[in-house]
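# Survey of secondary and tertiary structure
Given next are the chains, with one letter for each unit.
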Amino acid sequence: MKLISRDRRYNAIPKLNEKKQTFNAYKTQKAKEEKEEERQVAKEAKEKLYEFLISYPHMTSITLYRKAQEMFESQKEWIAVPERDRKDVFEDAVFSISKREKKNEAELRAKQKEELTLLFEDIKEITYKTCWIDALDILSTVKTFKNNILFENMDNEDMLGVFTEHIKAMELDYEDEKQKKFMKEKRTQRKNRDCFVTLLNELHTKKKLDSTSLWADLYPTISKDSRYTAMLGQPGSTPLDLFKFYLEDLKSTMHEDKKTIKEVLRAAEFEVKSDTPYEKFYGIISADEKTKSIDKGNIKLHFLNLLEKAERAERDARREEQRRIRKRDISFKHMLEDAEPELMHTDTWENVRERFEEESQYKAFNGDDKAMAKIFKDYVVTIKPESDSDDRSERERRRKKHKKEKKKKSKRSPSRDRSEKDSSEDEKKSKKKQKREPTPEKEETKKKEKKSRKKSKKKKKDKQESDSDDEKREQSDSKKPEKKTGADKSGSDSDISEDELEKRRNKLLEELSKH
């Protein structure tokens, strides 16, 4: 108060309490300012020391605090910072220097790798097949590598890594080049195949190629074209393969083409027969607008199918006709056997024709006298001349037996006998057909054959049993006594056994041979 009481500004505040409060506030404010000033000075001293340490050339990340104290004890930047703060500043500076060194080291390594990569690219002796040992030998002869200070302290692992990456890049380039070359060759081969298919289209348009064409026939024409020679030697489908594929594509429309051809034939009311020429058939088909797009080979194939069907139908008709004629001839022969009075070996067809003109067997020939005369002649040859009453009685017995068999057969269904003959004929046909041309339904035909054989065997067995029953009945009938008449004494011969008749017949033949 002694110092400020005489100052005129002291009386600006009248009350003593207020003056005391103002003084205390000033004192507090002044202490704060002095403290802040001291803190600012200490901060600046730390910053200067930090800058000094990180910029000092001999200061590294491995420098110890003890050594630094020996080095900087006379430096004002070092002395200006108290001991407790100096150590913290030193540690911060070492950390920053360490980061800087690592950064510099990384930049150096990156630059070394970059320069070495460029160097590897310039060396033509190094390829994707070069190994690391050979690469070192090559580098030792390169002046750019030897004289460059940048590569002196370069780590061997970094050099190997750069070399590996370079080789990988070269391998990728090689594979890319190889793939490009392969795709180019593939594209060329595809174009060659397309050109060859175009050649086949041209031949088809000119009607030189159809679905029935043969490679051997068209080869002289195709082999002269450059589009054929361009395909020789390349992998994949050959010209012959493409030719076959082209024919298959033409034949694939055969089903639709058949429908169109049938419609045209139906509209023209034309039927293919076994003697129909192809030119006539083709003329009718080609005249219609619907068939303009149909392949000529498909038309020919369909014609061959229709021709084969017509020939098969005619063969079946001829076979049916032969069967009918055979049945007619057998029926006619049976009529001759059943004739009454009985035919003699001296009879001629001209003499006996009138006896049979009203018979259905005769009318079945439709006036074919020559065929009937031939059957009659063949039958008469089998008749033996009458030698005595024994022969007549034998013939009479056989005739009766034949009549009985005929009655039994008439009672049985006529389809049964026909089925026996047909089954035997079908067996022979199926066997011949299997030998000639095997069919896809071979297993089915075999089963049918087995069934038909079983049926025929069963029918034969039944027939034999029926024949044996007839013989037994005849024998029993022959044992029964018959009424004898004076007019016909030969009737008593029917009681004689068959063995006795056979002996008598042999005796007569011996007598005739003597004469």
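Conventions used here
- Residues numbered from 1 in each chain as written.
- Predicted model: local features only at pLDDT ≥ 70, side-chain atom pairs only at ≥ 80, totals over all residues.
- Heavy atoms only, no water.
- Helix = DSSP H or I, 4+ residues; strand = E, 2+ residues; numbered from the N terminus.
- Buried < 20%, exposed > 50% of the residue type's maximum accessible area, 1.4 Å probe, protein only.
- Contact = heavy atoms within 4.5 Å.
- Phe/Tyr/Trp six-rings, centres within 6.5 Å; stacked < 30°, edge-to-face > 60°.
- Lys NZ or Arg CZ within 6 Å of the ring centre and 35° of its normal.
- Axes fitted to C-alpha atoms, helices over the stretch in contact; angles between N-to-C directions.
- Parallel < 35°, antiparallel > 145°, perpendicular 65-115°, else oblique.
- Left-handed = near helix turned anticlockwise from the far one by under 90°.
- Nonpolar A, V, L, I, M, F, W, Y, C, P; charged D, E, K, R; others polar.
- Core = buried A, V, L, I, M, F, W, Y, C linked by side-chain atoms within 4.5 Å.
- Patch = residues over 30% accessible without salt bridge, like charges linked within 9 Å, V, L, I, M, F, W, Y side chains within 5 Å.
- Areas by Shrake-Rupley, 256 points an atom, 1.4 Å probe, with all protein chains shown as cover.
- Salt bridge = Lys/Arg side-chain N within 4 Å of Asp/Glu carboxyl O.
- Lys, Arg positive; Asp, Glu negative; His and termini not counted.
- Charge placed at Lys NZ, Arg CZ, Asp CG, Glu CD.
- Expected span 1.5 Å × (residues − 1).

Broken down by element type, the protein chain carries 20 helices and zero strands. The proportion of buried residues among the 515 residues of the protein chain is 25%. For the protein chain, the share of sequence-separated contacts (at least 6 apart) that also reach a separation of at least 24 residues comes to 65%.

Let us now look at the packing of aromatic side chains. Aromatic ring pairs are reported here in terms of the distance separating the ring centres and the angle at which the planes meet. Summed over the entire model, instances satisfying the criterion amount to 23 aromatic pairs. A centroid spacing of 5.0 Å and a plane angle of 45 degrees characterise the contact between Phe281 and Phe303, whose relative ring orientation is tilted. Taken together, the positions of Phe281 in helix 12 (residues 278-286) and Phe303 in helix 13 (residues 296-337) put the pair 22 residues apart, joining distant regions of the chain. Of the two residues examined, Phe281 and Phe303, each falls in the buried class. Look at Phe332 and Phe365: their rings are 5.0 Å apart centre to centre, the planes differ by 70 degrees, and that puts the pair in the edge-to-face class. Highlighted residues: Phe332 in helix 13 and Phe365 in the loop between helix 15 (360-363) and helix 16 (369-382), separated in sequence by 33 residues. Grouping residues by exposure puts Phe332 and Phe365 together as buried. By way of ring pairs, the aromatic residues Phe52, Tyr56, Tyr65, Phe72, Trp78 and Phe90 are connected into one cluster. Looking at Lys87, its charged tip hangs above the ring of Tyr65, at a distance of 5.6 Å from the centre. One Lys or Arg, Arg328, reaches over the ring of Phe365 and ends 3.8 Å from the middle of that ring.

The contact between helix 4 (residues 83-122) and helix 7 (residues 156-205) brings their axes to 10 Å, and the two run at 45 degrees. Taken together, helix 4 and helix 7 sit at an angle that is classed as oblique. In the crossing of helix 4 with helix 7, the sense of the turn from one axis to the other is right-handed. Residue-level contacts link Arg109, Lys113, Leu116, Thr117, Phe120 and Glu121 of helix 4 to Asp158, Met159, Val162, Phe163 and His166 of helix 7.

Moving on, we come to the side chain of Ser211. Turning to its location among the elements, Ser211 is positioned in the loop between helix 7 and helix 8 (215-222). Look at Ser211 and you get buried, because its relative accessible area is 2%. When neighbours within four sequence positions are excluded, Ser211 is seen to be in contact with Leu247, Leu250, Lys251, Asp295, Gly297, Asn298 and Leu301.

So, on to the packing of helix 7 against helix 10 (residues 239-251). One can describe the packing of helix 7 onto helix 10 by two numbers: an axis separation of 11 Å at closest approach and a directional angle of 50 degrees. Viewed along their axes, helix 7 and helix 10 adopt a mutual orientation that is oblique. For the pair helix 7 and helix 10, the crossing hand works out as right-handed. Touching Arg193, Phe196, Leu200, Asn201 and His204 of helix 7 are Pro239, Leu242, Phe243, Tyr246 and Leu250, all from helix 10. In terms of residue class, the contact of helix 7 with helix 10 is made up of seven nonpolar, two polar and one charged.

What follows deals with unusual backbone geometry. The phi dihedral of Lys207 is positive, around 65 degrees, even though this residue is not glycine. In this model, Asn366 sits at a positive phi of 55 degrees, which is unusual for a non-glycine residue. Position of Asn366 among the secondary structure elements: in the loop between helix 15 and helix 16.

Quick look at the nonpolar core now. The biggest cluster of nonpolar side chains holds 17 residues, and the ones touching the most others in it are Phe332, Leu336, Leu343, Trp349, Phe356 and Phe376. Counting residues per element, this core draws most heavily on helix 16, at six residues. Apart from residues no more than four positions distant in its own chain, Phe356 is found in contact with Met335, Leu336, Ala339, Leu343, Trp349 and Tyr362.

Quick look at a negative patch on the surface now. Among the surface-exposed residues, Glu171, Asp173, Glu175, Asp176 and Glu177 lie close enough to one another that they form a single negatively charged patch. Inspection of the secondary structure puts Asp176 in helix 7.

Attention now moves to the pattern of salt bridges. The full count for this structure, using the stated rule, is 14 salt bridges. Residue Lys46 pairs with Asp85 through a salt bridge whose shortest N-O separation is 3.7 Å. Pair noted here: Lys46 is in helix 1 (residues 16-55) and Asp85 is in helix 4, with a separation of 39 residues, a long-range link. Classification of Lys46 by relative accessible area gives partly exposed; the value is 31%. Given the relative accessible area of 16%, Asp85 is considered buried. Residues Arg312 and Glu308 are paired through a salt bridge, measuring 3.5 Å at the closest nitrogen-oxygen approach. Pair noted here: Arg312 and Glu308 are both in helix 13, with a separation of four residues, about one helical turn. Sharing partners across several salt bridges, the network here consists of Glu202, Asp225 and Arg227.

To continue, consider the environment of Phe376. Structurally, Phe376 can be placed in helix 16. For Phe376 and Phe332, which are 44 residues apart along the polypeptide, the C-alpha to C-alpha distance reads 8.8 Å. When sequence neighbours within four positions are dropped, the list of residues in contact with Phe376 reads Leu336, Leu343, Asp347, Thr348, Trp349 and Val352.

Take a positive patch on the surface next. A cluster of basic residues, Lys207, Lys292, Lys296 and Lys300, forms a positive patch at the surface. Given a relative accessible area of 52%, Lys207 falls into the exposed group.

In this section: helix 13. Over its 42 residues, helix 13 runs 61 Å from end to end, which matches the ideal 62 Å to within 8%, given 1.5 Å per residue. Taken as a whole, helix 13 has its buried residues at Gly297, Asn298, Ile299, His302, Phe303, Leu306, Leu307, Ala310, Arg328, Phe332, Met335 and Leu336. Check the buried side of helix 13 and you find it contacts helix 10, helix 11 (254-268), helix 12, helix 14 (349-356), helix 15 and helix 16.

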